[in-house]
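The primary structure of each chain is shown beneath.
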Amino acid sequence: MDTRNARHEPVQTQPETIASLLGDPAIARSIVALAEDICEYGIDPSSLPILEPKGKGWRVLEGNRRFTVLKCLANPDLIVESALVDEKTAKRLRKKFTDLAKKNPAPTKVAAVITEDREYADHLIELKHTNQAQHRGAGTMTWDAAAKIRHDQEVASRSTRRPRGSSPQARRASGVLDLLASIASGNANLSALIANARKHGLTTLGRLLGKPEHQERLGVRIDKARDYFVEKLVSDEALLRAFTKVLGQLGSEHLNSRVINTNANLEGYLNRISSDLPAPGDYLTSDSDSDEDSPVDDEPGSPGEPDRDTSGGGDHPNPDGDPEPDPKPKPRPKPDITQPFAGLHLHTAGTKTQQVLAELQALRIDRQPYSCVVMTRVFIELFVGEVLNSLKGLGEPVTHALKKEDLGPRVARCLELLEGRGVSPRARKFPAIHDHLSNGAGELSVAYMHSYVHRTDYYADREAVRNQTRHYQPFLEALDLYVANAQNRAAGHPASELE
């Protein structure tokens, strides 16, 4: 096992390597999930671990989690109490791996890529572990919402296996778009709008359709208990009129995620287009036949895209207001990010900032969303301020930013340091942060984080908190590396040693 794996701080021994991985709650959960998958399906043959020769054996360069799983399945006693793993956690994990090993013995032979070329290995590793903006398509490209929907539908058409699924927002939107497409044949304009919405607007449209009262104002009813079955409530003409207006504005300044980020804003949008919405006389009577053949979506839910309560409804146990599920409901999917900034290690941060980060990482987004967003605001301000002060001491031109009391200009200055001044939008490494800062709105903007503290109409939006981690974590990691490199340059180390 690589004692200098990027997932943890450098250690000296193999037991420390395992403890470092299992001592991080997020990584430990992922290792348990990986163990369950390996015991059921075997090791993923489409993604081979990478090894380099070392003595009579090999060192794992890529695949430390997989080999941790194999080692612990073969010998659960490798999981021991340490400074990183408390006694209760170690005992629980030992039992888990013992039970898994009894059900399905772990593989003893593993196919792998073996190379002595470390630069080549580093290239392959970076293709796997950097995001699309960094590898520019050379590595894995994650699916967008429309692609996940198509995959779910394809899996459901040929298999009884439940696909991992896409978000409830996307399910709602896709079901409505299917209904519109079924009654809009020959309408070239609406067909083009539907195609554009599938590609670019599923999340926003799904948010607009989040509450039953908003669905009914638009002329539909979506039954989550029936796998997001879409029922038409109004005449075809009224339905097409309403959604031609909505889809025509989707993604514009009139209708985007920022425009409908609270319940009041969403209501305001529907009021502004009320002349295009169905009138009372457009609604079908209770005796009228609704379109029972309306398309329905496949399995709801996705680990990568949990539903968001952006309606302003707070911690309501059923934020969408959907009907109660069957007596044996399907379990809600687990979000991909359960704790803010899990796995983030800042080498140049001061003691207080490190302590604040540790407290922030211990929070659970689903249980403490307000604490998460407020602590995120505090943490970012502390670290950005430290960065600018450190760089000022090293002679970097950051004095102007330090004079600014607002966090926004300080973050903007840090973006300039990482990307260069006046960089084109296409060349930006962190475009989402740029956009939200410049607009002064959206979950990545400082104004948005302030609103959770100062405004009573901003309610917990768990997916917004997850998005803050998704976008700010790589930004803060890059900022940490920038400071470390600046410190090393000041100490006389050549630049080639710093990358």
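Placed above this text is the structure.
Keep in mind it's a predicted model, so treat the numbers as computed, not measured.

Caption draft 1: Fine view of a nonpolar patch on the surface. Together, V374, V378 and V453 make up an exposed nonpolar region whose accessible area comes to about 200 Å². In this fold, V374 is placed in helix α15 (residues 369–393). Of the residues examined, V374 reaches a relative accessible area of 31% and is grouped as partly exposed.

Caption draft 2: Structural view of the environment of H345. Mapped onto the fold, H345 is located in the loop between α13 (263–272) and α14 (351–361). The class of H345 is partly exposed, set by a relative accessible area of 32%. For H345 and E477, which are 132 residues apart along the polypeptide, the C-alpha to C-alpha distance reads 7.8 Å. Apart from residues lying up to four places away in sequence, H345 is in contact with R7, E9 and D480.

Caption draft 3: View of the side chain of T469. One can find T469 in helix α20 (residues 462–490). T469 has contacts with I337, P340, F341 and P474, leaving out every residue within four places of it along the chain.

Caption draft 4: Quick peek at the pairing of strand β2 (residues 57–62). By the bridge criterion, five bridges tie strand β1 (residues 50–54) to β2 in an arrangement that is antiparallel. When the sheet's bridge partners are listed, P53 is paired in β2 with W58. Between β1 and β2, which pair antiparallel one after the other, the connecting turn spans two residues, and G55 there sits at a positive phi close to 60 degrees.

Caption draft 5: Region of the structure containing the pattern of salt bridges. Going through the model one piece at a time under the given rule, you end up with 18 salt bridges. Note that R198 and D178 form a salt bridge whose closest N and O atoms lie 2.7 Å from each other. Of the two residues, R198 sits in helix α9 (residues 188–200) while D178 sits in helix α8 (residues 168–183), which places them 20 residues apart along the sequence. With its nearest N and O atoms 2.7 Å apart, the salt bridge here joins R470 to E463. Exposure remark for R470: the relative accessible area of 25% places this residue in the partly exposed category. Three or more residues joined by partner-sharing salt bridges are found here, namely E52, R59, R118 and D122.

Caption draft 6: Fine view of helix α17 (residues 407–419). The end-to-end C-alpha separation of α17 is 18 Å, in line with the 18 Å expected for 13 residues at 1.5 Å each. Here α17 lies mainly inside the structure; 10 of its 13 residues are buried. Regarding α17, the residues found buried are L407, G408, R410, V411, R413, C414, L415, L417, L418 and E419. Once α17 finishes, G420 follows within two positions and takes phi at roughly 95 degrees, a positive value.

Caption draft 7: Region of the structure containing the packing of aromatic side chains. Tallied over the full model, the rule gives three aromatic pairs. With 5.5 Å between their ring centres and 80 degrees between their planes, F430 and F475 make a pair best called edge-to-face. In this pair, F430 is assigned in the loop between α17 and α18 (431–439) and F475 in helix α20, connecting sequence segments 45 residues apart. Ring geometry for Y472 against F475: centres 6.0 Å apart, planes inclined by 75 degrees, an arrangement best described as edge-to-face. With a gap of three residues between them, Y472 and F475 both fall in helix α20, about one helical turn apart. An aromatic cluster is present here, built from F430, Y472 and F475 joined pairwise through their rings.

Caption draft 8: Representation of the packing of α9 against helix α12 (residues 236–249) in the model. At their nearest, the axes of α9 and α12 sit 10 Å apart, and the two run at 50 degrees to each other. Regarding the angle of α9 to α12, the classification is oblique. As for how α9 packs across α12, the hand of that crossing is left-handed. Contacts between α9 and α12 involve N189, L190, L193, I194 and A197 from the first element and L240, T244, L247 and G248 from the second. Of the residues belonging to the contact of α9 with α12, the class tally is six nonpolar, three polar and no charged.

How each quantity is defined
- Residues numbered from 1 in each chain as written.
- Predicted model: local features only at pLDDT ≥ 70, side-chain atom pairs only at ≥ 80, totals over all residues.
- Heavy atoms only, no water.
- Patch = residues over 30% accessible without salt bridge, like charges linked within 9 Å, V, L, I, M, F, W, Y side chains within 5 Å.
- Areas by Shrake-Rupley, 256 points an atom, 1.4 Å probe, with all protein chains shown as cover.
- Salt bridge = Lys/Arg side-chain N within 4 Å of Asp/Glu carboxyl O.
- Helix = DSSP H or I, 4+ residues; strand = E, 2+ residues; numbered from the N terminus.
- Buried < 20%, exposed > 50% of the residue type's maximum accessible area, 1.4 Å probe, protein only.
- Contact = heavy atoms within 4.5 Å.
- Pairing = 2+ DSSP bridges.
- Expected span 1.5 Å × (residues − 1).
- Phe/Tyr/Trp six-rings, centres within 6.5 Å; stacked < 30°, edge-to-face > 60°.
- Axes fitted to C-alpha atoms, helices over the stretch in contact; angles between N-to-C directions.
- Parallel < 35°, antiparallel > 145°, perpendicular 65-115°, else oblique.
- Left-handed = near helix turned anticlockwise from the far one by under 90°.
- Nonpolar A, V, L, I, M, F, W, Y, C, P; charged D, E, K, R; others polar.

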